Amino acid sequence: MITFALSMLLLATGASFVLGRRRVLAMVERPVDLQSLPGYYGWYTALWCLVPGFVVVLGWMGSAPWLLEGATLNASGIDLASRSEAEISLFMNNVKNLASGSIPSLPDDPALLAAAERYIELRGRGAAIASGFVALFAAAGFSYAFRRLRPNLAARNDVERVLRLTLMACSTLAVVITFGIVFSLLAETLQFFNRVSPIEFLFGTHWSPQTALRVDQVGSSGSFGAVPIFTGTLLITAIAMLVAVPIGLLSAIYMGFYASRRVRAVAKPLLEVLAGVPTVVYGFFAALAVGPVLRDVGSAIGLSVASESALAAGLIMGVMIIPFVSSLSDDAIAAVPDAMRNGSLGLGATESETIRSVILPAALPGIVNAFLLAASRAIGETMIVVMAAGLAANLTANPLEAVTTVTVQIVTLLTGDQEFDSAKTLSAFALGLVLFFVTLCLNLIALAVVRRFREEYE
Amino acid sequence: MLLAPSDSEAEVIVPEPSTEEFRPKMNATAVDVYYGDTHAVKKVDLPILEGDVTALIGPSGCGKSTLLRCFNRMNDAIAACRVEGEITLEGRSIFDAEIDVVELRARVGMVFQKPNPFPKSVYDNVAYGPRIHGIARKGPEMDAIVASSLERAGLWQEVKDRLQESGTALSGGQQQRLCIARAIAVDPEVILMDEPCSALDPIATAKIEELICELRGRFAIAIVTHNMQQAARVSQRTAFFHLGELVEYGRTEDIFTNPVQERTRDYITGRYG
Ligand SMILES: Nc1ncnc2c1ncn2[C@@H]1O[C@H](COP(=O)(O)OP(=O)(O)O)[C@@H](O)[C@H]1O
Ligand SMILES: [Mg+2]
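Criteria and thresholds
- Residue numbers restart at each chain and count upward from 1, following the sequence in its written direction.
- Each chain gets a letter, beginning with A, and each ligand a number, beginning with 1, in the order they are written.
- For a predicted model such as this one, the threshold for reporting local features is a pLDDT of at least 70, and the threshold for listing and counting side-chain atom pairs is 80 or more; totals across whole chains, interfaces and linings nevertheless cover every residue.
- Calculation of side-chain values draws on the structure's entire complement of heavy atoms; hydrogens and water are dropped beforehand.
- Strands were regarded as paired on the criterion that DSSP finds at least two bridges between them.
- Secondary structure elements are defined from DSSP: runs of H or I of at least 4 residues count as helices, runs of E of at least 2 residues count as strands, and each element is numbered from the N terminus.
- Only the contacting stretch of a helix is used when fitting its axis, a line to C-alpha atoms as for every element, and angles between N-to-C directions run 0 to 180 degrees.
- Residues are treated as being in contact if the distance between any of their heavy atoms lies within 4.5 Å.
- Here the limits of each domain have been adopted from an automatic or database domain assignment.
- In short, buried area is how much 1.4 Å probe accessible area vanishes from two parts on joining, totalled over both.
- The term salt bridge refers to a pairing of a side-chain nitrogen on Lys or Arg with a carboxyl oxygen on Asp or Glu at a separation within 4 Å.
- For this scheme, ten residues count as nonpolar: Ala, Val, Leu, Ile, Met, Phe, Trp, Tyr, Cys and Pro. Four count as charged, namely Asp, Glu, Lys and Arg, and the remainder, Gly too, count as polar.
- Polar contacts here mean pairs of N or O atoms no more than 3.5 Å apart (in protein, one a potential hydrogen donor and the other a potential acceptor; neighbouring residues in sequence count only if both atoms are side-chain atoms).
- Note on convention: near helix rotated counterclockwise from far helix by under a right angle means a left-handed crossing. Clockwise means right-handed.
- Whether a residue is near a molecule or strand depends on its heavy atoms: if one lies within 4 Å, it is near.
- The Shrake-Rupley method, run with a 1.4 Å probe, gives the accessible areas here. Residue values count only the displayed protein chains as cover.
- Think of it in three bands: with a 1.4 Å probe and only protein chains considered, a residue is buried below 20% of the maximum accessible area for its type, exposed above 50%, and partly exposed in between.
- Scored between 0 and 100, pLDDT is the confidence that the predictor attaches to each residue.
- Here, the term disulfide refers to a pair of cysteine sulfur atoms separated by no more than 2.5 Å.
- In this analysis, the protein atoms alone were mapped onto a 1 Å grid. Cavities are point sets where a 1.4 Å probe fits without being able to get out; pockets are open sets with protein on both sides within 12 Å along at least five of seven lines; lining residues have an atom within 4 Å of a point.
- Grid points are joined across faces, edges and corners, and a volume is the space filled by probe spheres set on the points.
- Definition of nonpolar core: a set of buried residues of the types Ala, Val, Leu, Ile, Met, Phe, Trp, Tyr and Cys, connected through side-chain atoms within 4.5 Å.

1. Overview of the sheet that holds strand β6 (residues 108-111) of chain B
All names here are of chain B. Ordered in space as β6-β7-β8-β3-β9-β10, the six strands form an open sheet in which the pairing is mixed. Two strands close off the open sheet at either side, each with one partner strand: β6 and β10 (245-251). Each adjacent strand pair in this sheet contributes to an overall mean axis angle of 15 degrees, direction not counted. Packed on one face of the sheet, helix α7 (residues 172-184) meets β6 and β7 (190-194) and runs near 170 degrees to β6.

2. Observations regarding the domain arrangement of chain A
Residue and element names in this part refer to chain A. The domain architecture assigned to chain A consists of domain 1 (2-153), domain 2 (156-195) and domain 3 (223-453). Computed over C-alpha atoms, the centres of domain 2 and domain 3 are 30 Å apart. When domain 2 packs against domain 3, the two sides together hide about 950 Å² of surface, and 82% of this comes from carbon and sulfur. At the boundary of domain 2 with domain 3, the tally comes to zero salt bridges. Residues of the side of domain 2 that touches domain 3, tallied by class, amount to four nonpolar, two polar and two charged.

3. Structural notes on the interface of chain B and chain A
Taken together, the contact between chain B and chain A spans 20 residues of the former and 19 residues of the latter. Counting the surface lost from both chain B and chain A, the interface buries some 1600 Å², and carbon and sulfur atoms represent 64% of this. Seen at the junction of chain B and chain A, the total is zero salt bridges. Applying the counting criterion to the chain B and chain A interface returns four residue pairs in polar contact (both at pLDDT 80 or more). Broken down by secondary-structure element, the contributors of at least two residues to the side of chain B that touches chain A are α3 (101-107), β6, α4 (122-132) and α7 of chain B. Residue composition of the side of chain B that touches chain A, by class: 13 nonpolar, four polar and three charged.

4. Description of the packing of α4 of chain B against α7 of chain B
Residues and elements named next belong to chain B. It is at 7 Å that the axes of α4 and α7 come closest, and there the two elements cross at 35 degrees. The two elements α4 and α7 meet at a crossing, and its hand is right-handed. Residues Val 122, Asn 125 and Val 126 of α4 form the contact with α7, whose participating residues are Leu 178, Ala 181 and Arg 182. Among the residues making up the contact of α4 with α7, the classes are represented as four nonpolar, one polar and one charged.

5. Topic: the site of ligand 1
Residue and element names in this part refer to chain B. Inspection of the region around ligand 1 gives Tyr 35, Ala 40, Ser 60, Gly 61, Cys 62, Gly 63, Lys 64, Ser 65, Thr 66, Arg 69 and Ile 78 as its neighbouring residues. Within the backbone of Gly 63, a nitrogen or oxygen atom sits 3.1 Å from an oxygen atom of ligand 1. Within the side chain of Ser 65, a nitrogen or oxygen atom sits 2.5 Å from an oxygen atom of ligand 1. Relative to its unbound accessible surface of 560 Å², ligand 1 loses 62% to contact with the protein. Ranked by residue count, the leading element in the shell around ligand 1 is helix α2 (residues 64-70), at four residues.

6. Brief notes about helix α14 (residues 406-414) of chain A
Buried within α14 of chain A are the following residues: Val 406, Thr 407, Val 408, Gln 409, Ile 410 and Leu 413 of chain A. Looking one or two residues past α14 of chain A, Gly 416 of chain A carries a phi angle of roughly 85 degrees, positive in sign.

7. Notes on the confidence of the model for chain B
Residue and element names in this part refer to chain B. Here chain B shows a mean pLDDT of 87. Residues at 70 or above account for 91%. Contacts for the low-pLDDT stretch residues 1-20, under 50 throughout, to residues beyond four places or in other chains number 31 contacts. Model confidence for the complex: the whole-complex pTM is 0.75, and ipTM, which rates the interface, is 0.85.

8. Focus on the state of the cysteines
Taken as a whole, this structure holds zero disulfides over all chains when the rule is applied. Its sulfur unpaired, Cys 197 of chain B is 11 Å from the next cysteine sulfur, which belongs to Cys 213 of chain B.

9. What about the layout of surface pockets?
Residues and elements named next belong to chain A. Looking at the largest pocket, its volume works out to about 410 Å³. Where the lining of the largest pocket is concerned, the elements lending two or more residues are α2 (38-76) and α5 (155-195). Of the residues forming the lining of the largest pocket, the biggest block, nine residues, is contributed by α2. Grouping the constituent residues of the lining of the largest pocket by class yields twelve nonpolar, one polar and three charged. Two domains each put at least three residues into the lining of the largest pocket: domain 1 (2-153) and domain 2 (156-195).

10. Re the nonpolar core
All names here are of chain A. Phe 201, Trp 207, Ile 236, Met 317, Ile 321, Ile 384 and Leu 431 are the most contacted members of the largest nonpolar core, which has 56 residues in total. Among the elements of the structure, α5, α7 (227-258), α9 (279-300), α10 (310-334), α12 (351-380), α13 (383-388), α14 and α15 (423-456) are those that each provide at least two residues to this core. Element by element, the count of residues in this core is highest for α15, at ten residues. Filtering out sequence-adjacent residues up to four positions away, Trp 207 remains in contact with Phe 201, Ser 223, Phe 224, Gly 225, Ala 226, Pro 228, Ile 229, Ala 393, Gln 409, Leu 413, Ser 427 and Leu 431.

Next up, the structure:
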């Protein structure tokens, strides 16, 4: 019903556009006599039709659940005062499920059945009334605008204003959502810290989040020292950066200065394809190909390598972030004016001296920015480490052992059946908050660095 | 049609060979430059004389910069660019396999149209060349080179207290003089300047012109300029180019007061350009 009203509203909007444009064109001899371009009068009329109608739709969608619930409960004849809130909400849930047909076997409660019928009826009537209001408001808006159309009406300014408001609303929404996420993380984290002290979480060295179901089982308390997880994340990120930084930076230099145009045309897109490989593909490559090879090589030279190791995950993660490092460094290098390069070459410096002593120092902030963004990518990466790094929360700096990371722990803590208010589940939110905070810091630093970089050449 | 053939060049170029010695520091003979299919410089012969300032003038796009870049092989860095013909430095071909382009550029320095100091300190800008050529590394020896180069570029008084500030923080005119100091620091024999004043205000321009006059004699200088008065003020020789051809070359006073070619006269009197 409401979808039907919406589509009618859109149709009416289209029609208003045509009508408004045509009417204003009929008022003048030449279109240039209009204050704005003819299309703006179309938009003006169309927006006056669309916006009021759409506001009604939004209002209905926002208020309908409450209105319907209240009306249904009132009509159902249940004594609201004698029932608890939970009972009422359970009752309403059943009513809604019945109404949408998602309970296959009907319960035998006549009050429930009656309420469901009532609910369906009210819902239909409400939608019809709402649709009527949509039509009324859209028509009123349209006729207001249509009658105001004059050749000297500043339609352009009004349309621009509506556009600006729309854009503003969209960006506000994005910001609000971000804050919403942070606050929900914060709220859950606070709950977690009610059970486990932040000191233990941040500085404890033993991580074993399994809490037993019954108090008399072993390890009933769980232990939430997250240091092994942080060090595991750092270890893998460090390995990844060790792979990605030299390869990415050197390939950016090669592409920027030495590669012929033909090589660059082929190699650059190929390198960027690496960024498009789904991380789960990297993950099974790391787990099934690289891990075993490392283990075999290790045992051949007398090292014991776990089949799931930080090294395997770090290497592949490094490969994954090479394109980040190389394409961002490439941008930074390309942003150094050609005049710098010519100035240095003109003094008799060789190409490599020029790169080392002039181009790289000038591009350094941009390159550092590339490293920071790549690092925050690596810290947040999940799939590869889930598949290749293991789950054991070892506190170790040995890359040949299995380690676990923040992201892996979040995945294992939250997948499967969970009680939602156990310390185990809540600890995932605390880990998420830490992750969020660290990547946020890296990104902010990168932003500051880039800002300084921009000033350099402007 | 352009220039008399080279055997009679001495007559055309230097009317009184007995009083004025003809000393080409560099000499271009029959130089052609192509950018892909564009023929940018056509069969040009041009000497750059020891101790003199040679001005290259002509309308935009006539190949002045392109030719200038040939003298220290800066065109090598442009992939599409192809240079034919012969250019010598002290009688030896600069395309000679034995002459390394690094060494060539140390002997033939270049100053660009837009001041392009490195984003380093004033000191390091000047020290850059001597360092890469191993003339000096640091310490008092390098200090002396930096000081004397800045002195010769007429910048020492203005920057002696701010040697550690970034070169990019100087004013446009100071930056250009810093670039000249940077070129002088490796003690070149020839300095090429491509419209060194076109990005500067009149006062800064006057300072650079003054500087060019002072540097004359110690270096062979070739300068591209759009400004007729500038060419007349600073140069002893002038070459007029049009559509990639060298139309006329001679003593500056002759070119400006009594040009042989119609096209030169038209350009100098502002008929086109
Ligand atoms: N890097 C380049 N690539 C292709 N064509 C160029 C390049 N530089 C200059 N040209 C062309 O060569 C001709 C001469 O240019 P230039 O030497 O810059 O002239 P001028 O300095 O006298 O104004 C012009 O037609 C120009 O378009
Ligand atoms: Mg030019």
